[in-house]
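If you want the building blocks of each chain, they are given just below.
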Amino acid sequence: MSELQKLRDAFRSALDLPADAPVDDLRYQDNEKWDSLAHMSLVAAIEDEFSVMIDTDDVINMSSFTEAVRILGKYGVDVK
Amino acid sequence: MSVALVTGASRGIGLATAHRLAEQGHDLVLHGHGETGVAEAASTLAGKFGVSVHHAAGDIADPATSKALVRLAFENFKRLDALVVNAGTHAAGMLGMTADATVDRLFAVNAAGAAHTLQNAVRLLARAENPAVVLTASITGTHGVAGQAVYAASKAAVIGLTKAAAKELGPRGIRVNAVAPGFIATDMLDTLDEAGRQERIADTALGRLGTAGDVADVIAFLLSDQARFVTGQVIGVDGGLVL
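Residues numbered from 1 in each chain as written. Chains lettered and ligands numbered in written order. Predicted model: local features only at pLDDT ≥ 70, side-chain atom pairs only at ≥ 80, totals over all residues.

1. Side note on the confidence of the model for chain A
Condition: Predictor confidence is given residue by residue as pLDDT, running from a minimum of 0 to a maximum of 100. Helix and strand assignments follow DSSP, with helices taken as H or I runs no shorter than four residues and strands as E runs no shorter than two, numbered in order from the N terminus.
Averaged over all residues, the pLDDT of chain A equals 92, while 100% of them reach at least 70. The secondary-structure element of chain A with the lowest mean pLDDT is helix α2 (residues 36-50) of chain A, recorded at 90, while helix α4 (residues 65-74) of chain A shows the highest, at 96.

2. Topic: the nonpolar core
To keep things clear, this is the line we draw: The term nonpolar core refers to a set of buried Ala, Val, Leu, Ile, Met, Phe, Trp, Tyr and Cys residues connected through C-beta atoms within 7 Å. Remark: C-beta atoms are placed from the backbone, and a residue is labelled buried if 20 or more other C-beta atoms sit within 10 Å of its own, exposed if 12 or fewer do, or partly exposed between those counts. Here, residue contact means that the backbone-derived C-beta atoms of the two residues sit within 7 Å.
In this structure, Leu5, Ala18, Leu28, Leu30, Val133 and Val134 of chain B are the most contacted members of the largest nonpolar core, which totals 62 residues. Excluding anything up to four places from it in sequence, Leu30 of chain B contacts Val6, Ala9, Ala18, Val38, Ala41, Ala42, Val53 and His55 of chain B. Membership of the second largest hydrophobic core comes to 14 residues, among which are Phe11, Leu15, Val43 and Ile71 of chain A.

3. Section: the environment of Val77 of chain A
Residue and element names in this part refer to chain A. Looking at where Val77 falls in the secondary structure, it is placed in the segment after α4. Along the sequence, Val77 and Glu3 sit 74 residues apart, while their C-alpha atoms lie 7.9 Å from each other. With residues near it in sequence (within four places) discarded, Val77 still touches Glu3, Phe50, Val52 and Leu72.

4. Let's talk about helix α1 (residues 12-23) of chain B
All names here are of chain B. The condition that has to hold: A helix is expected to span 1.5 Å for every residue after the first.
Over its 12 residues, α1 extends 17 Å from the first C-alpha to the last, a length consistent with the 16 Å expected when each residue adds 1.5 Å. Of all 12 residues in α1, 11 are buried; the element is thus mostly enclosed. All of the buried residues in α1 are Gly12, Ile13, Gly14, Leu15, Ala16, Thr17, Ala18, His19, Arg20, Leu21 and Ala22. Once α1 finishes, Gly25 follows within two positions and takes phi at roughly 100 degrees, a positive value.

5. Section: the interface of chain B and chain A
Quick note on the threshold: Charged means Asp, Glu, Lys or Arg here, nonpolar means Ala, Val, Leu, Ile, Met, Phe, Trp, Tyr, Cys or Pro, and polar covers whatever is left, Gly included.
With nine residues of chain B at the interface, the matching set in chain A holds six residues. Where the side of chain B that touches chain A is concerned, the elements lending two or more residues are α3 (63-77) and α4 (100-125) of chain B. When residues of the side of chain B that touches chain A are assigned to their parent elements, the largest contribution, four residues, is made by α3 of chain B. For the side of chain B that touches chain A, the class distribution of residues is three nonpolar, two polar and four charged.

6. Let's talk about unusual backbone geometry
One non-glycine residue with positive phi stands out, namely Ser51 of chain A, at about 55 degrees. For Ser51 of chain A, the location among the structural elements is in the loop between α2 and α3 (56-61). Take Ser51 of chain A: there are 11 C-beta atoms within 10 Å of it, and that puts it in the exposed class. Positive phi is not limited to glycine here, since Lys78 of chain B has a value of about 60 degrees.

Shown next, in the form of structure tokens:
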């Protein structure tokens, strides 16, 4: 499975979205399921999936799928 | 396997706690302000108890230090079951006689350092089955004592952090408690003169200063399954000290 697919699945799982839900354009303020608790679950899911430890500042800044891709790049994960 | 992170583990209560946890079979991540003391503690405990011990040194007031500690736990164990937020500094001083830098340093280490440590560890803790946190407060933070107003205020901040964190993290399965030691025979008491020490002993119902081991035993209890329904508490370990 590609890194991109893994990230999409992490978002769907953490935000309780259908398996085929589009997530590439997802943003924090646009999705009612993406609240602060779901955000912590999402970060935990991403950390588990990619075996990284994300800094608090990056957790706070992870406000969209696109931003998650960028932040993972900082930790050596090339999402494509 | 269970993994515990202890800050301020090169001496005093932190070292005694690390010793107790290693004795119980916990793998450890230890922190000390200076490299030498914590490296020695790590080496001694690993050799004596056959547990895996990693360590890092740094100023706990700097959030980068606790980030590095949590990263050590993640990289070596992929988990964190227990956190002991113990690193602290002590300074006595009357109001109007305490230097600005001392005020800032007490809060930077005791209050902000504790908040940084807990905040940086919480996501890794949340993955454990029965995670628990113990913070080292002080009886000065619960009761106040003349001549230590700023230290007391910085430790009162630890108590607020404990109580709020217990409420916030309880639903995620993380227990958070604090110990409030009375007068314990550690290096921190060096800032009191002999007359002050004798006065404190006289005020203690059990008639002696506490030991680091007295506090470590309570911390180990609060981290254990025996304390599974205890959270948001501040447990005095003070021998009946009256302030």
